[in-house]
Amino acid sequence: MIQQIYITDYLSDAAAESAAVIQHMTDQCPILLKGDWQVNAATPLNALFGTLHDADHTPGLSKVATILRTRQASVTGVPVLCVLPVHLGLQRDTFSLQGTVQISPAVYAYLTETLQQHFLQDFIVHATAEQRFWWVQPLNPLEVQCPWPQDCLYQQAFQWQPQGTHASLIRQWTNESQMLLHQFSQDSRLPGWPERLNSLWFASVPAVPVWQHDWQAVIGTGAVFDGLQRSQLSAVKQLSMAQVLEDKTITKALMVVDQIDQVDWHSLSAALQKGRISTLEIILPLAERSIKVTYKQRYRWQFWRKAQTLPGLFDKLEASLPTFKLPGSV
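Values in this document were obtained by computation on a predicted structure and should not be read as measured data. (Residues numbered from 1 in each chain as written. Predicted model: local features only at pLDDT ≥ 70, side-chain atom pairs only at ≥ 80, totals over all residues. Heavy atoms only, no water.)

### Considerations on helix H8 (residues 265-273)
Turning to step 1, where the next piece is worked out: Buried residues of H8: Trp265, Ser267, Leu268, Ser269, Ala271 and Leu272, and no others.
Turning to step 2, where the next piece is worked out: Next to the buried residues of H8 lie strand E1 (2-7), helix H1 (18-28), helix H7 (241-246), strand E10 (279-286) and strand E11 (289-296). (Buried < 20%, exposed > 50% of the residue type's maximum accessible area, 1.4 Å probe, protein only. Helix = DSSP H or I, 4+ residues; strand = E, 2+ residues; numbered from the N terminus. Contact = heavy atoms within 4.5 Å.)

Written out as structure tokens, the structure reads:
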């Protein structure tokens, strides 16, 4: 039985389009409009790691960089940093992180070569198959803690600055990369340059978590799921949602996906309609927070329990977030 589903959104692509994510999910699985919807302070990633009982978990410093790092066998030995292309919203006195930026293969290749040349005396650059970020190996040991972007969306800069002995060095590298990106944005010889790209984000790669959980099966697909498997999380199984729903010996299963369209909503909706799932929690991305949707089997028989409308649901979620508008809503 599936009891929890985590949509990690580890690159924060959906966090700025929460309204569209909710609409897509409820279109595919309308029965969820009868569920309980709550806004959580934890991001989907931190909520996931808390559920998996990461014994060394430190709030505010997501271990997702480590989980992703385990998938790249070519980067070994020296501690690394993850570097992501991002958009910073600049204001009069400060700035905030607005999200990561997708770049074309040509731009990614150009930046890879440029970073290798410019920071030759500082670190080694490793490209990734996803072409959404880089791994860098500093040539000298660093003592620094830098959070993962998902923990920092829409927050003012002073809340997520690097910490530690070498924090100033990370800020220096960030400033240099911003100047490079500004120059490139003015170069007409670089077609397809993303207008939103104006900075690089350095994220720490802490130690591999010590897993302590009692789930019978952890299933899923995507980069985070692959990383969990390679970091030796117990109970990881290569099973589809339909297989888990059919297997009566599995009474407690958790699902991890990167994006909302990686969930088999058809099978899930059918299982909820037939009462084959007693309780289900779904964790969705919302800015630097998350939304928890809880549905219970008994809701099917509570005919007085009216299904929420989508506009009413948006209003309810926004009411719990003072001065905040649900990303993607109108």
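Now that the structure is up, let's keep going.
### A few points about the packing of helix H4 (residues 105-118) against helix H5 (residues 167-185)
Turning to step 1, where the next piece is worked out: The N-to-C vectors of H4 and H5 enclose an angle of 135°; their axes lie 12 Å apart at closest approach. Put simply, H4 runs oblique to H5. Seen from above, H4 lies across H5 with right-handed handedness. Where H4 abuts H5, its residues Tyr110, Leu111, Thr114 and His118 lie against Glu176, Leu180, Leu181 and Phe184.
Turning to step 2, where the next piece is worked out: Among the residues making up the contact of H4 with H5, the classes are represented as five nonpolar, two polar and one charged. (Axes fitted to C-alpha atoms, helices over the stretch in contact; angles between N-to-C directions. Parallel < 35°, antiparallel > 145°, perpendicular 65-115°, else oblique. Left-handed = near helix turned anticlockwise from the far one by under 90°. Nonpolar A, V, L, I, M, F, W, Y, C, P; charged D, E, K, R; others polar.)

### Side note on the sheet that holds strand E9 (residues 253-257)
Backbone-to-backbone hydrogen bonds join strands into a sheet, with any given pair of strands oriented parallel or antiparallel.
Turning to step 1, where the next piece is worked out: Pairing in this open sheet of six strands is mixed, and the strands run E2-E11-E10-E1-E9-E8 from one edge to the other. Only two strands of the sheet have a single partner each, and these edge strands are strand E2 (36-40) and strand E8 (217-221). Put simply, the sheet's adjacent strands are angled 15° from each other on average, direction ignored.
Turning to step 2, where the next piece is worked out: Inspection of the sheet shows E1 paired to E10 by three bridges, in the parallel sense. Note that in E10 the partner of Ile5 across the bridge is Ile282.
Turning to step 3, where the next piece is worked out: Across the sheet, H1 is in contact with E2, E10 and E11; its angle to E10 comes to roughly 150°. (Pairing = 2+ DSSP bridges.)

### Quick word on the environment of Ile260
Turning to step 1, where the next piece is worked out: Here Ile260 lies in the loop between E9 and H8.
Turning to step 2, where the next piece is worked out: Each C-alpha atom of the pair Ile260 and Pro285 lies 9.7 Å from the other, and the pair is 25 residues apart in sequence.
Turning to step 3, where the next piece is worked out: Beyond its immediate stretch of four places on either side in the chain, Ile260 contacts Ile7, Val21, His24, Met25 and Trp265.

### What about the pattern of salt bridges?
Turning to step 1, where the next piece is worked out: The final tally for this structure, using the stated rule, is six salt bridges.
Turning to step 2, where the next piece is worked out: Across the pair Arg71 and Glu130 runs a salt bridge, and its minimum N-O distance is 2.4 Å. Of this pair, Arg71 sits in the loop between helix H3 (64-69) and strand E3 (81-90) while Glu130 sits in the loop between strand E5 (123-126) and strand E6 (134-138), placing them 59 residues apart in sequence.
Turning to step 3, where the next piece is worked out: For Arg71, a relative accessible area of 25% corresponds to the partly exposed category.
Turning to step 4, where the next piece is worked out: Across the salt bridge formed by Glu246 and Arg276, the nearest N and O atoms sit 3.2 Å from each other. Taken together, the residues span a long stretch of sequence, with Glu246 in helix H7 and Arg276 in the loop between H8 and E10 at a distance of 30 residues.
Turning to step 5, where the next piece is worked out: Since its relative accessible area comes to 54%, Glu246 is described here as exposed. (Salt bridge = Lys/Arg side-chain N within 4 Å of Asp/Glu carboxyl O.)

### Notes on the pairing of strand E7 (residues 199-204)
Turning to step 1, where the next piece is worked out: Taking burial as the measure, the six residues of E7 include six buried ones, the bulk of the element.
Turning to step 2, where the next piece is worked out: Side chains of E7 alternate between two faces, with Ser199, Trp201 and Ala203 and Leu200, Phe202 and Ser204 buried alike.
Turning to step 3, where the next piece is worked out: As paired elements, E3 and E7 share six bridges and run antiparallel to each other. The residue bridging Pro85 from the neighbouring strand is Leu200, located in E7.

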